[in-house]
Amino acid sequence: MADWSQEILGGNPRALARAATAIENRQASAESLLKELFPHTGRATVLGITGSPGAGKSTLVDRLIHELRREGKQVGVIAVDPTSPYTGGAILGDRIRMLSHHADSGVFIRSMATRGWLGGLAAATTDMTVLLDAAGKDVVLVETVGVGQDEVEIAKLADATMVVLVPGMGDDVQAIKAGIMEIADVFVINKSDQPGADRLEREIKAIQSLSTRKDGWVPPVVRSVATEGQGIAEALSAVRSFLARGDGKDRAVANWNQRLHEMLRERMLERFTDLNFQAAAEDVAARRKDPYTIIDGWLERISH
Ligand SMILES: Nc1nc2c(ncn2[C@@H]2O[C@H](COP(=O)(O)OP(=O)(O)O)[C@@H](O)[C@H]2O)c(=O)[nH]1
Ligand SMILES: [Mg+2]
């Protein structure tokens, strides 16, 4: 274990890959490893990139990697996107493009399957960011599809979140209204080479004018054409303006508050995998038992 963590701290890509797999498969060894690694974390910036499938998130991530590498930064990528090209779900061109980073030891890319997780994705993402932070990654990019609640939770775990929208999609504004608005620190209008970017920007600004965030930040709207590499530097600089303001310590506390909730939820669910929800539901529905007593009984097990 000590050797393993030393190798990770030393930046050994093989040890890192093995640890990522252990986390993904929730091997018991992962937790003790993470305990050893944790004191060596706290330097990485976690940047969430979320948006509808096909919005261009992966293309944007690819460009962000290039930009960050040019600056000499070490980059980690966690793709929590079932349609992500890293999983092999997309067209071949995308896969080849991402493979171009595989020869670069300053980049570590891992995709996490979204199937088969019981609300544990957010906690697993936290574990993965802890790992990448310890391994010396300066920036960890987390790509999620901004459609489900789980993904929104993951986005909340980031230090800053980019919401990627595209012009000419009516449901985007619906998505904005449905809560994406709160998690966006920066809006990126990608595919600005297509008509409708002006209109979308007006719509975002109109919604922004209706309410102010608690922290007073007005998320900037940046236009990009990810396929051409346009607007990437601007998007990054908008993120940095957001991170530069306020107190980094306060933000870390707020993030860990969220993460601890997620981790507890995860650990609880893990302990209760043997519970028979179906049988309990039948008892409650038939009024044979009340839900409060059932929950009390389940909770008692925590202390044992
Ligand atoms: N026209 C145009 N196409 C883009 C742009 N960015 C990405 N795409 C294309 O949109 C498709 C989906 O991109 P992808 O990055 O996989 O989207 P994701 O599902 O959000 O990760 C791909 O065919 C990209 O080449 C852009 O700025 N303009
Ligand atoms: Mg993708």
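Everything below is about the structure shown above.
Bear in mind the structure is a predicted one, so any value in this text is a computation, not a measurement.

> Where do I start with the side chain of lysine 137 in this structure?
Here lysine 137 is to be found in the loop between helix 6 (121-134) and strand 4 (139-145). Here the side chain of lysine 137 touches glutamine 74 through a polar contact of 3.0 Å, side chain to side chain. When near neighbours in sequence (up to four residues on either side) are disregarded, lysine 137 contacts Leu16, Ala44, Gln74, Val75, Gly76, Ser105, Gly106, Phe108 and Leu132.

> How should I be thinking about the site of ligand 1 in this particular structure?
Taken together, 18 residues lie around ligand 1, and Gly54, Lys57, Ser58, Thr59 and Asp193 are the ones closest in. In this structure, a nitrogen atom belonging to ligand 1 sits 3.5 Å away from a side-chain N or O atom of glutamine 194. For ligand 1, whose free accessible area comes to 590 Å², the fraction covered by protein is 80%. A total of 3 residues in the shell around ligand 1 trace back to one element, the largest contributor, which is helix 4 (residues 57-70). Partitioning the shell around ligand 1 into residue classes produces 4 nonpolar, 9 polar and 5 charged.

> Help me out: how do you make sense of the nonpolar core in this one?
Where a protein is soluble and globular, its nonpolar side chains tend to be buried together. Ranked by size, the top nonpolar core spans 32 residues in total, and within it Ile8, Ile78 and Leu131 carry the most contacts. Broken down by secondary-structure element, the contributors of at least two residues to this core are helix 1 (2-9), helix 2 (13-24), helix 3 (28-37), strand 2 (75-80), helix 6 and strand 4. Counting residues per element, this core draws most heavily on helix 6, at 8 residues. Once residues within four sequence positions are removed from consideration, isoleucine 78 is found in contact with Arg110, Met112, Thr125, Met128, Thr129, Leu132, Val140, Leu141, Val142 and Glu143. Ala55, Leu64, Val77 and Val222 belong to the second largest nonpolar core, which has 30 residues in total.

> Explain the packing of helix 6 against helix 11 (residues 248-271) here, please?
Two numbers describe a pair of packed helices, the interaxial angle and the distance between the axes. In contact at an axis separation of 8 Å, helix 6 and helix 11 are set at 120° when each is read in the N-to-C sense. When the interaxial angle is binned, helix 6 and helix 11 end up oblique. Judged by the sense of rotation from one axis to the other, the crossing of helix 6 with helix 11 is left-handed. On helix 11, the residues that touch Ala122, Ala123, Thr126, Asp127 and Val130 of helix 6 are Trp256, Arg259, Glu262, Met263 and Glu266. Counted by class, the contact of helix 6 with helix 11 contains 5 nonpolar, 1 polar and 4 charged residues.

> Mind showing me how you'd approach a nonpolar patch on the surface here?
Residues Ile295, Leu299 and Ile302 make up a contiguous nonpolar surface patch of about 230 Å² in total accessible area. Along the polypeptide, leucine 299 turns up in helix 13 (residues 291-300).

> Honestly, the sheet that holds strand 7 (residues 221-223) in this entry has me stumped. Any pointers?
Adjacent strands of a sheet form backbone hydrogen bonds with each other and so pair up, either parallel or antiparallel. Sheet architecture is open: 7 strands sit in the order 3-2-4-1-5-6-7, paired in parallel fashion. Of all the strands in the sheet, just strand 3 (107-111) and strand 7 have a single pairing partner and so form its edges. Shown here is a sheet whose adjacent strand axes are inclined to one another by a mean of 20°, direction ignored. Pairing of strand 1 (residues 45-51) with strand 5 (residues 160-165) involves 5 bridges; the strand directions are parallel. Note that in strand 5 the partner of threonine 50 across the bridge is valine 163.

> Hey, could you run me through empty space enclosed by the protein in this one?
Rolling a probe over the atoms, with the probe sized like a water molecule, indicates the empty space that remains. Under the definition given, this model contains 2 cavities of 30 Å³ or more. Taken as a whole, the largest cavity encloses approximately 70 Å³ of empty space. For the largest cavity, the lining is made up of 13 residues, of which Val46, Thr125, Val142, Ile154 and Leu157 are closest to its centre. For the lining of the largest cavity, the secondary structure elements donating two or more residues are strand 1, helix 6, strand 4 and helix 7 (149-156). Grouping the amino acids of the lining of the largest cavity by side-chain chemistry returns 7 nonpolar, 5 polar and 1 charged.

> Is there a simple way to think about the pairing of strand 6 (residues 186-189) in this case?
Note on strand geometry: in a regular strand, side chains alternate between the two faces of the sheet. Burial along strand 6 is two-sided: the face carrying Val186 and Val188 and the face carrying Phe187 and Ile189 are both buried. Relative to strand 6, strand 5 runs parallel, the two being bridged by 4 bridges. Paired with methionine 162 across the bridge in strand 6 is valine 186. Taken together, the 3 bridges between strand 6 and strand 7 define a ladder with parallel strand orientation. Looking at strand 7, one finds that valine 188 is bridged to valine 222.

> Any chance you could explain the pattern of salt bridges here in plain terms?
Pairing between side chains becomes possible if they bear opposite charge and their charged atoms approach one another. This model, assessed by the stated rule, comprises 14 salt bridges. With a closest N to O distance of 3.3 Å, arginine 199 and glutamate 203 form a salt bridge. Of this pair, arginine 199 and glutamate 203 both sit in helix 9 (residues 197-210), 4 residues apart, which is roughly one turn of the helix. Overall, the relative accessible area of 54% leaves arginine 199 in the exposed class. Given the relative accessible area of 23%, glutamate 203 is considered partly exposed. Between glutamate 262 and arginine 265 there is a salt bridge, with its nearest N and O atoms 3.4 Å apart. Within this pair, glutamate 262 and its partner arginine 265 are both found in helix 11, separated by 3 residues, close to a single helical turn. Note on glutamate 262: relative accessible area 4%, which makes it buried. For arginine 265, a relative accessible area of 45% puts it in the partly exposed group. Among the ionic contacts, a cluster of salt bridges with common partners joins Asp185, Arg213, Asp215 and Arg245.

Criteria and cut-off values
- Residues numbered from 1 in each chain as written.
- Chains lettered and ligands numbered in written order.
- Predicted model: local features only at pLDDT ≥ 70, side-chain atom pairs only at ≥ 80, totals over all residues.
- Heavy atoms only, no water.
- Helix = DSSP H or I, 4+ residues; strand = E, 2+ residues; numbered from the N terminus.
- Polar contact = N/O pair within 3.5 Å; in protein donor to acceptor, adjacent residues only side chain to side chain.
- Contact = heavy atoms within 4.5 Å.
- Near = heavy atom within 4 Å.
- Areas by Shrake-Rupley, 256 points an atom, 1.4 Å probe, with all protein chains shown as cover.
- Nonpolar A, V, L, I, M, F, W, Y, C, P; charged D, E, K, R; others polar.
- Core = buried A, V, L, I, M, F, W, Y, C linked by side-chain atoms within 4.5 Å.
- Buried < 20%, exposed > 50% of the residue type's maximum accessible area, 1.4 Å probe, protein only.
- Axes fitted to C-alpha atoms, helices over the stretch in contact; angles between N-to-C directions.
- Parallel < 35°, antiparallel > 145°, perpendicular 65-115°, else oblique.
- Left-handed = near helix turned anticlockwise from the far one by under 90°.
- Patch = residues over 30% accessible without salt bridge, like charges linked within 9 Å, V, L, I, M, F, W, Y side chains within 5 Å.
- Salt bridge = Lys/Arg side-chain N within 4 Å of Asp/Glu carboxyl O.
- Pairing = 2+ DSSP bridges.
- 1 Å grid on protein atoms, 1.4 Å probe; cavity = no way out; pocket = protein on both sides within 12 Å on 5 of 7 lines; lining within 4 Å.
- Points joined across faces, edges and corners; volume = space filled by probe spheres on them.

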